[in-house]
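# Structural features, examined
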Amino acid sequence: MNPTRIKMKTDRQGRGVGTFASLILLLVVGIGLAAVQPAPAATTGAKVTTNVVSTGSFSGFTVGNLDTDDSNYATSSATSYGVISDFDFNIPAGAQIDNIAVAVTGKTDKNNNTANYDLSLSGNGGSGWTSTQSDSFSSKFDATDTFSDTPANWGWTWGQSGFSNANFQLRIRWSSGSGPLELDLITVTVTYSAPDLSWATGSADFEIWESSSSTWDAGTLRCSGTLSDDNGATIGLIRVLAYE
C-alpha cells in the first residue's frame, strides 16, 4: 500500500536468590506504580531540512531553496538523487511513531509538460531506504503533493532514534517526463505518541519487619510509616530479602 497522496494547487499561499538467608526483611507497602499510559498524540510540526547531503543531478539544491515556499527552486531533469537531512525533529525517547507525512511543493517549466519524481526515506543515515513513493507535477504553477501514512506502509520499522539528525535522510529525484522537476519546498511532519513515564505511590501504610521467618508479622518491627500520592492503585506486598 502506498501512502495516501493528496495533491492540491497552491496560489503562492529482578535476579534469582539462594537458600542461605539468615535475615529476611518483609515490607508491606501500599506503593502503586501507575500503569504506563500512552500520552495523547503529538506532532513535530512541519520540519524542513538544515543540511544537504548530496545535490545529485539538481542545480540550486540548497537549504535556502528547499526550506521556504518562495519561488526559488532546485531543478533537475536527470535521475541522480538529491539527499537532505538534519530536520531537528526532537522526538522523545520511547515514543511510538504513528504517522510520517512528507509534503513536496514544486512544479515543472510549463503547462502540459510533466515532471515525474520519486522519493524515499532513511532511518539509518542512508545505509538503507524505505519503499519509493512517486508522483508528478504537470503545471508551471506550484502544487503540493503529500505522502502521508503509518510507518509500516513506508516499508520501514521506525523508532525514535531513526529521526535523529545523524540517521534521518530524505532523497528525491526527477525520474522521467517532458519537463524538469522544480522543487520549492519539502517538509516532513512526524506524529507520535510518547509514553507517560510518571508514577505515583497511592496512599498506604508500610512496615518493615526483621525476622528469620517468611511469615508476616514474625520478628521485630523495625520501621513503619505512611506513603501518600495521587494514585489509588496499590501493590499489597513487597518482600525485601537481605543476606549475611
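Calculation rules
- Residues numbered from 1 in each chain as written.
- Predicted model: local features only at pLDDT ≥ 70, side-chain atom pairs only at ≥ 80, totals over all residues.
- Heavy atoms only, no water.
- pLDDT = per-residue confidence, 0-100.
- Contact = heavy atoms within 4.5 Å.
- Buried < 20%, exposed > 50% of the residue type's maximum accessible area, 1.4 Å probe, protein only.
- Helix = DSSP H or I, 4+ residues; strand = E, 2+ residues; numbered from the N terminus.
- Pairing = 2+ DSSP bridges.
- Salt bridge = Lys/Arg side-chain N within 4 Å of Asp/Glu carboxyl O.
- Axes fitted to C-alpha atoms, helices over the stretch in contact; angles between N-to-C directions.

### As for the confidence of the model for the protein chain
The predicted model of the protein chain averages 80 in pLDDT, with 69% of residues at 70 or higher. Between residues 1–36, whose pLDDT stays under 50, and residues either more than four places distant or in other chains, the model counts 129 contacts. Segment residues 232–238: pLDDT under 50, and 20 contacts once partners within four positions in sequence are set aside and those in other chains are kept.

### As for the pairing of strand β8 (residues 96–107)
Counted residue by residue, β8 has 10 buried out of 12 residues, so it is predominantly covered. Sheet topology places β8 next to strand β13 (residues 181–193); 11 bridges connect them, and they run antiparallel. What sits directly across from N99, in β13, is T191. Where β8 lies against strand β11 (residues 143–149), seven bridges are found, and the strand directions are antiparallel. Opposite G106, over in β11, you have A143 as the bridge partner.

### Focus: the pattern of salt bridges
Enumeration over the complete set of coordinates arrives at two salt bridges. K107 serves as the salt-bridge partner of E182, at 2.4 Å between the closest nitrogen and oxygen. Here E182, found in strand β13, pairs with K107, found in strand β8; they are 75 residues apart in sequence, far enough to count as distant. In terms of burial, E182 and K107 fall into one category: buried.

### Describing the environment of S127
As for its position among the elements, S127 is in the loop between β9 (115–122) and β10 (133–137). On the accessibility criterion, S127 (67% relative accessible area) is exposed. Considered as a pair, S127 and N167 are 40 residues apart in the sequence and their alpha carbons are 9.2 Å apart.

### A look at the side chain of S85
Looking at where S85 falls in the secondary structure, it is placed in strand β7 (residues 82–85). If sequence neighbours within four positions are ignored, S85 has contacts with T49, T50, N51, V53, N165, F168 and Q169.

### Regarding the pairing of β9
Regular strands have side chains that alternate between both faces of the sheet. Most of β9 is tucked away: seven of the eight residues are buried. Bridging between β9 and β10 involves five bridges; their strand directions are antiparallel. The residue of β10 that forms the bridge with Y117 is D135. Relative to strand β12 (residues 169–177), β9 runs antiparallel, the two sharing eight bridges.

### Concerning the sheet that holds β12
Read across the sheet, five strands follow the order β5-β7-β12-β9-β10 without closing on themselves; strand pairing throughout is antiparallel. Of all the strands in the sheet, the pair left with one neighbour each is β5 (51–54) and β10. Between one strand axis and the next, the sheet turns through 30° on average, direction left out of account. Across four bridges, β7 lies against β12 in antiparallel orientation. Looking across to β12, one finds that G82 is bridged to I172.

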